[in-house]
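Structure at a glance
Listed below are the residues making up each chain.
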Amino acid sequence: MPRVIAASQADGASLAETIDALAEGFDPHDEGSTLEAAAALERLANNRHFLGDLLVAQLQERHRDSFEESAYGPQAIVLSPLRGGCFLRANIWPSEDESCFRASGAHSFVYGIPHDHNFHFLTAGYFGPGYRSDYYEIDYEAITGFSGEQAPLHFVERSALHEGKLMHYRAHVDVHAQLPPVTTSVSLNVMRVDAGQDWFDQYGFDLGRKAVARILNPSASETFLRCAVALGDAEALDLAECFGRTHPSARMRLASFEARCSLLDSDADRDRLWREAERAGNLMLAGEARLRRAALQP
């Protein structure tokens, strides 16, 4: 489960002071760097007024914002620009009694979707009893990523991110299935951003089958490729064929075969294409190709 970091800070800090303290970001592989960033987050969490004041100011000035300029959403509030490879964020976690929960459903707030993360982050319980989680750990290197693949999930515990609790979520290790808090709660995060992290898959899991359910972070490049091929450009089709054979990302290779498959009219042609994918030398792609071929059988 995420590493629990013992409280060590009695003083509070302003948002500006915290942003300055995190100017160098944090290196999750360096103990000193991680503890310094955690201490900065804890001092911010000790400031019991900053977030309420910020929200009031935002509400008062909202009419001045354009949609594009606003960094505020219905659940996540970005508190700082990206600096030193990290940024600050607040998350609002509604309870089941909230009207937004009843209107939007649990999945809109990622409740009941077991998942890992392809990034490191620190989190602190700021307000309320906190969301609850069933925590698991995985061996990421043992997963190739095709749908239905058995995943080595190891259950650790169920616990809540209550006020004052400070944790380090480890990329590709910690999995949690979140449950709504008893009452509305807020958490604060220091989010680590690494170059190229979007190419590392983030998985959703089926706990009942202990299997990979789907990839949760499809890239814009996959969508662009599918659109380009669908528009019928010969150059796009050549590029898709090349990506299917050689692209270092398994997701892009899969997208290239999916895009080309959408142009085919017969199951026999689709089967031939997916047979090619099955033999293309990538384990994730081969697993997905077997599923697609099986679905074509009468």
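Grouped together as the largest cluster of nonpolar side chains are 25 residues, with contacts concentrated most on Leu-41, Phe-50, Leu-79, Leu-88, Leu-122, Leu-188 and Val-190. Per-element tally for this core: the top contributor is helix 2 (residues 31-46), with 6 residues. When near neighbours in sequence (up to four residues on either side) are disregarded, Leu-188 contacts Leu-41, Leu-44, Ala-45, Phe-50, Leu-79, Arg-89, Ala-90, Leu-122, Thr-123, Ala-124 and Tyr-126. One finds Tyr-131, Met-167, Tyr-169 and Met-191 within the second-largest nonpolar core, a separate group that totals 14 residues.

Between its first and last C-alpha, helix 8 (residues 267-278) extends 16 Å over 12 residues, near the 16 Å set by a 1.5 Å rise per residue. Listed as buried for helix 8 are Asp-271, Leu-273, Trp-274 and Ala-277. Down the axis of helix 8, the buried set is contained in an arc of 165°. They therefore lie on one face. On its buried face, helix 8 is in contact with helix 7 (250-261) and helix 9 (283-296).

Further remarks concern the pairing of strand 7 (residues 166-169). With burial as the criterion, each face of strand 7 is covered, one bearing Leu-166 and His-168 and the other bearing Met-167 and Tyr-169. Bridge analysis of strand 1 (residues 3-4) against strand 7 gives 2 bridges, and the strand direction is antiparallel. Within strand 7, the residue paired with Arg-3 across the bridge is His-168. Relative to strand 7, strand 4 (residues 121-127) runs antiparallel, the two sharing 4 bridges. For Phe-121, the partnering residue across the bridge sits in strand 7 and is Tyr-169.

This next bit is on the pattern of salt bridges. As enumerated under the stated definition, the model contains 18 salt bridges in all. In this structure, the salt-bridge partner of Arg-3 is Glu-31, at a minimum N-O distance of 2.6 Å. Remark: Glu-31 occurs in helix 2 and Arg-3 occurs in strand 1; sequence separation between them is 28 residues. The partly exposed category is assigned to Arg-3, whose relative accessible area is 30%. One connected set of salt bridges, linked through shared partners, spans Arg-226, Glu-258, Glu-288 and Arg-292.

The rules behind these values
Residues numbered from 1 in each chain as written. Predicted model: local features only at pLDDT ≥ 70, side-chain atom pairs only at ≥ 80, totals over all residues. Heavy atoms only, no water. Core = buried A, V, L, I, M, F, W, Y, C linked by side-chain atoms within 4.5 Å. Buried < 20%, exposed > 50% of the residue type's maximum accessible area, 1.4 Å probe, protein only. Helix = DSSP H or I, 4+ residues; strand = E, 2+ residues; numbered from the N terminus. Contact = heavy atoms within 4.5 Å. Expected span 1.5 Å × (residues − 1). Arc of directions from axis to C-beta. Pairing = 2+ DSSP bridges. Salt bridge = Lys/Arg side-chain N within 4 Å of Asp/Glu carboxyl O.

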